[in-house]
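Per-entry structural report
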Amino acid sequence: MQGLTSLEQTAIWAVFGTALLGLAYAVFLRQQIMKEDRGSEKMQVVWAAIRDGADAYLRRQLRSILPLIIVLTIALFLSVYIVPPTPEALERFSSLGEAQVRLIIGLARAAAFVMGAGFSLAVGQIGMRMAVEANVRVASASRRSFGDALRIAYRAGTITGMLTDGLGLLGGTSIFIVLGIAAPDALLGFGFGGTLLALFMRVGGGIFTKAADVGADLVGKVEAGIPEDDPRNPAVVADLVGDNVGDCAGMAADIFESYEVTIVSGLILGLALWHLTGRMEWIVFPLVVRGIGVLSSIIGTYVVRGGPGKSGDAMAAIFRGFLSSAAISAVLFFIAGFLYMNTPAMQAWGGWWRAPLAVAVGVLLAILIDRLTEYFTGTHNTPVKEIKRGADTGPATLILQGIAVGYESSVWSILVIALTIVASIGIFGTIPGVEGIDRTTFILYGVAMTGIGMLTLTGNNVAMDSFGPIADNANGIGEMSWSGQDDPETQSAQQIMADLDAVGNTTKAITKGVAIGSAVIAAVSLFGSYLVDVGRAQATLGVPVAERIASIGIRVDVPGVFVGMLIGGALPWLFSSFAIQAVSRASALIVQEARRQFRLGVLEGKVKPDYRQAISIATTASQKELVSLALLGVVTPIVVGMVFQVEALGGFLAGIIVSGQLLAVFMNNAGGAWDNAKKLIEDEPRDAGANTGKGSERHKAGVVGDTVGDPMKDTAGPALNPMIKVVNLVSVIIAPIVVQYRSLGLGGWLVVIALVALLAWAIWQSKRPAPAVAVDGPSS
């Protein structure tokens, strides 16, 4: 930590200690949860089947992605030998020769990549396993009180949130402590590792969960007319397993990588401001902000409480905890900013209040997206009620209304994000005496700080997300275990579970909205990092100032740049198409397998359902897509940069940010609204004459809408978040390499041909049917 004052060094070590505190709090909560009652023997049998299926999936997933991780680790190490070391790296290791500096930075970048991937994997897997441990305990607690069930579900989700906070902060702070001003070289590897693993877990988990969910709903609710989570449905356990591997493991890894990427972009831009101003505050303050967020999230956990009775408002309790953490954070941001940044030197650069205000704007952005998403997907609001009304005339009108809701919600979300960037312009674009490219750098730093602020409450966000699948699984365990019981206690417990499940569906949609918003802010910040890195690389190569990208910008009237923008805008649509096709193919196989077992007499009780077959089908389908869809995000920007040059790659990034944001929000909110409209219909009293309640034609229309929305909100939409950031991180990493080659030559074109062939293979792999799964037949 060369160049830091004693106060700054103390602050960095305090942040490091706060990261450890977050991890210790996760261990503390785990001990509390594990002491809770696991319910009856029948509940534990269902729980064990879910646990075994989830563990088997994650083991197979790790084997599928490990080879690509090894290849990319080697590539990142070798990448430092293509371009000269950065001035910061040479300054940090000034006593060493250039060859030794290359070796150190190469090892640091590769090690950081492995650490980022490992931390992302740990957050996803440990968080998922904790959710599995919690779901049976929540089901058991629902027989006691609403408050107990809410407390266990939310605190189990908080464990994953604290892992995300603790490991993300620990990784970034450790790299900064070791490398100092050379940290951005390694931080890029750290962010890339976390983002790539999140993409794997999002794609694989999303395909698994929705293939099982769509298959189970179509063959169970629509065709056989049996309730959701009926134990006779051969796909029901696969559906419950999918909630864990998709919504728990996938979402936790997704938010973890967003947490990483925002701090990476903030530190890179902070380093640029250090060059401009000579002040370390721009680098240290983002780390302090993250430490504050961990403490605020811990306090907010204890505000989320339900009453001792058999009912309550879970959404109000969860949002109260979120607002409490937000208020505490905002106050502490300004206190920290005043105590640390209120110096004469910082007054010369606009005053101490600008950075804390930008972070507070990020917190406000998270709250606004929270409220927007809740409005468009919540069961008490007009959009979902309008979709429910569409069921009166069949599935077509219900689907049309849901599409309209999704389109509208995407517009409002992007306007909120646009206003956030405008706020950054107002905060950092008005510093006296700062003009031109320096002003742009300050503004982009402000955008990065809003992203850091937006994810300050990551502990709360992840807890809200994990709450959803925990409540869903608990409801499923209750349905399967209490089938045939009709006593008042069971009815009360089932209603508690249904209420928590409906709230969990909304909290999942809210968290996905925050994740998508943070992805856009992070991508804009990384875009700024891209411009900074390209400008520095051009300066190293002696490119005249007037010709550098920092001076001329990225002009869309240049044909090559426009081509890059078109390709970038198209990529999210191709990616989403392949992800949804994978769900469609796999769910069709699951429907056929369930029909086969129904013909053997499963519904009549002649034979027991074989849950393993649906799990095998979903696992096989999801593993087939892992590497191919990841390659779309990794290889495409390299090809665009090599063929159309660095300016076109900038246009490519702009296209993917805008297109990906609009598409992701549309799919997330339309899918969530369809799901909750179906739940509203299910909550109606069953009356065949009035066509209401479960089993009615209106209910079947709602199920059709829900199944259309499932792969949109839980597979393609969420997977766009890490995909956008993978593209941006790859672009930042390769930018100094692309700048060097204005003409490819024979060797360069051979590389391009090989990469295009790899893309062709990825497309072929995604479009081919999944391998057939051997049928063992149901157990007797």
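Below is a summary of the structure that appears in this document. (Residues numbered from 1 in each chain as written. Predicted model: local features only at pLDDT ≥ 70, side-chain atom pairs only at ≥ 80, totals over all residues. Heavy atoms only, no water.)

Residues Leu-62, Leu-66, Ile-70, Ile-74, Leu-78, Tyr-81, Leu-103 and Leu-107 make up a contiguous nonpolar surface patch of roughly 710 Å² in combined accessible area. Secondary-structure elements contributing two or more residues to the nonpolar patch are α2 (41-79) and α4 (98-141). Of all the elements, α2 adds the most residues to the nonpolar patch, at five residues. (Patch = residues over 30% accessible without salt bridge, like charges linked within 9 Å, V, L, I, M, F, W, Y side chains within 5 Å. Areas by Shrake-Rupley, 256 points an atom, 1.4 Å probe, with all protein chains shown as cover. Salt bridge = Lys/Arg side-chain N within 4 Å of Asp/Glu carboxyl O. Helix = DSSP H or I, 4+ residues; strand = E, 2+ residues; numbered from the N terminus.)

Along its 42 residues, helix α7 (residues 236-277) runs 60 Å from first to last C-alpha, staying within 8% of the 62 Å computed at 1.5 Å per residue. Counting buried residues along α7, 40 of its 42 residues qualify, which places the element largely inside the surrounding structure. Looking one or two residues past α7, Gly-278 carries a phi angle of roughly 75°, positive in sign. (Expected span 1.5 Å × (residues − 1). Buried < 20%, exposed > 50% of the residue type's maximum accessible area, 1.4 Å probe, protein only.)

Here the focus is the nonpolar core. Grouped together as the largest cluster of nonpolar side chains are 252 residues, with contacts concentrated most on Phe-192 and Leu-500. For this core, the element with the highest residue contribution is helix α19 (residues 611-682), accounting for 33 residues. Discounting chain neighbours no more than four positions away, the residues touching Leu-500 are Phe-146, Ala-149, Leu-150, Ala-314, Phe-467 and Ala-471. Listed in part, the six residues of the second largest apolar core include Val-219, Ile-226, Val-591 and Val-602. (Core = buried A, V, L, I, M, F, W, Y, C linked by side-chain atoms within 4.5 Å. Contact = heavy atoms within 4.5 Å.)

What follows is about the side chain of Thr-158. If you trace the backbone, Thr-158 turns up in helix α5 (residues 146-179). For Thr-158, the residues in contact, after removing those within four places along its chain, are Tyr-25, Leu-29, Thr-301 and Ala-463.

Another point: the pattern of salt bridges. In this structure the tally under the stated criterion is 32 salt bridges. Across the pair Arg-102 and Glu-98 runs a salt bridge, and its minimum N-O distance is 3.0 Å. Of this pair, Arg-102 and Glu-98 both sit in helix α4, four residues apart, which is roughly one turn of that helix. Residue class for Arg-102 comes out buried when judged on its relative accessible area of 15%. You can call Glu-98 partly exposed: its relative accessible area is 43%. A salt bridge links Asp-501 to Lys-679; the shortest N-O distance between them is 3.5 Å. Of the two residues, Asp-501 sits in helix α16 (residues 488-540) while Lys-679 sits in helix α19, which places them 178 residues apart along the sequence. In this structure Asp-501 comes out as buried when scored by relative accessible area, which is 6%. A relative accessible area of 10% places Lys-679 in the buried class.

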